[in-house]
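Residues per chain are reported as follows:
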Amino acid sequence: MNFPTWALAGCWGLVSGSALLLGAAIGYYAHVPQRLIAAVMAFGSGVLISTLSLELMEEAYKQGGLDSTSLGFVGGAVAYTLANWLLARAGAKHRKRSGQHQHEERQKVKAGSKPGADPGDDNSMALAIGALLDGIPESIVIGLSMLVGGKVSVVAVVAIFLSNLPEGLSSSAGMKKAGRSARYVFLLWGGIMLISGVSSLVGYSVFSHFSPDVIAATTAVAAGAVLAMIADTMIPEAFATAHNFTGLITVLGFLASFFLSKMGE
């Protein structure tokens, strides 16, 4: 039985997004050393950086040239940075941190609440929006990768899966220390997983009707947003614990993705 390409795009988005839920379960229920979390985060960063360089930007350049690619890349980074800055002010600055940072940030937000406000009215919404902000660009990339030949980029799916695993793991470990319930954590990451599938489906269905220049710019926008996310959230979390080994582990992640991309040729 042959599935429609748009349905396959959604399924691949769910596959990559499922790593968030898997990581959340490990981070919430298992006692994972923070150094190991940091190492996996650094490895995932390297994998994503390689994918951005060898897959997304290269494909965007081939389709739309330097102008569309450059504008989209910088535009994606600017949009992510602005949204991330606003979310940090709302209490989601440390959403990927596995230590006590989320607990401290939650208490600050609660302490700054207006008199008479709901005691549970903390940074929950900011955390949820932050998770969406990090996950949607990656998922759209999967859908866009299927516009060429109708086949998914296995390298992109593997890269995003490997980066999502430590993201869910680290963030849920921090959420548990901040006093979040298991119900909150798994509803949040389960919802993000479903939205990842929808985003991938949209990435294919919507943009299949646009010109190569628009597709190239959109791919570059997603790439710019993901790179800004890596620099703003993933690498700082990795370096905070792994310190001098962060660079080496990131390089190994880059090499793993590079190897996968060459195996697929």
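Residues numbered from 1 in each chain as written. Predicted model: local features only at pLDDT ≥ 70, side-chain atom pairs only at ≥ 80, totals over all residues. Heavy atoms only, no water.

In the nomenclature of an unreviewed UniProt entry, the protein corresponds to ZIP family zinc transporter from the organism Hymenobacter algoricola.

A.B. asks: I would appreciate a short explanation of the packing of aromatic side chains in the present structure.
C.D. replies: Aromatic ring pairs are reported here in terms of the distance separating the ring centres and the angle at which the planes meet. With the rule as written, the count across this model stands at four aromatic pairs. Centroid distance Y28 to Y29: 5.3 Å. Interplanar angle 75°. Geometry classified as edge-to-face. Assessed through its relative accessible area of 10%, Y28 is described here as buried. Overall, Y29 belongs to the exposed group, its relative accessible area being 58%. Measuring from ring centre to ring centre gives 5.7 Å for F207 and F210, while their planes differ by 45°; the resulting arrangement is tilted. Classification of F210 as partly exposed rests on a relative accessible area of 42%. In this structure an aromatic cluster arises from ring pairing among Y28, Y29 and F186. It is R180 that lies over the ring of Y184; its NZ or CZ is 4.9 Å from the centre. (Phe/Tyr/Trp six-rings, centres within 6.5 Å; stacked < 30°, edge-to-face > 60°. Buried < 20%, exposed > 50% of the residue type's maximum accessible area, 1.4 Å probe, protein only. Lys NZ or Arg CZ within 6 Å of the ring centre and 35° of its normal.)

A.B. asks: Would you mind showing me how to read helix α8 (residues 246-263) here?
C.D. replies: Given 3.6 residues per turn, any residue in an α-helix points the same way as the ones three and four places further on. Taking 1.5 Å per residue as the helical rise, α8 with its 18 residues ought to reach 26 Å, and the 26 Å between its terminal C-alpha atoms agrees with that figure. If you check which residues of α8 are buried, you get T246, I249, T250, G253, S257 and S261. The buried residues of α8 occupy an angular sector of 125° when the element is viewed end-on, so they sit on one face. Seen from the buried face of α8, the exposed residues on the opposite side, beyond 90 degrees, are L248, V251, F259 and M263. (Helix = DSSP H or I, 4+ residues; strand = E, 2+ residues; numbered from the N terminus. Expected span 1.5 Å × (residues − 1). Arc of directions from axis to C-beta.)

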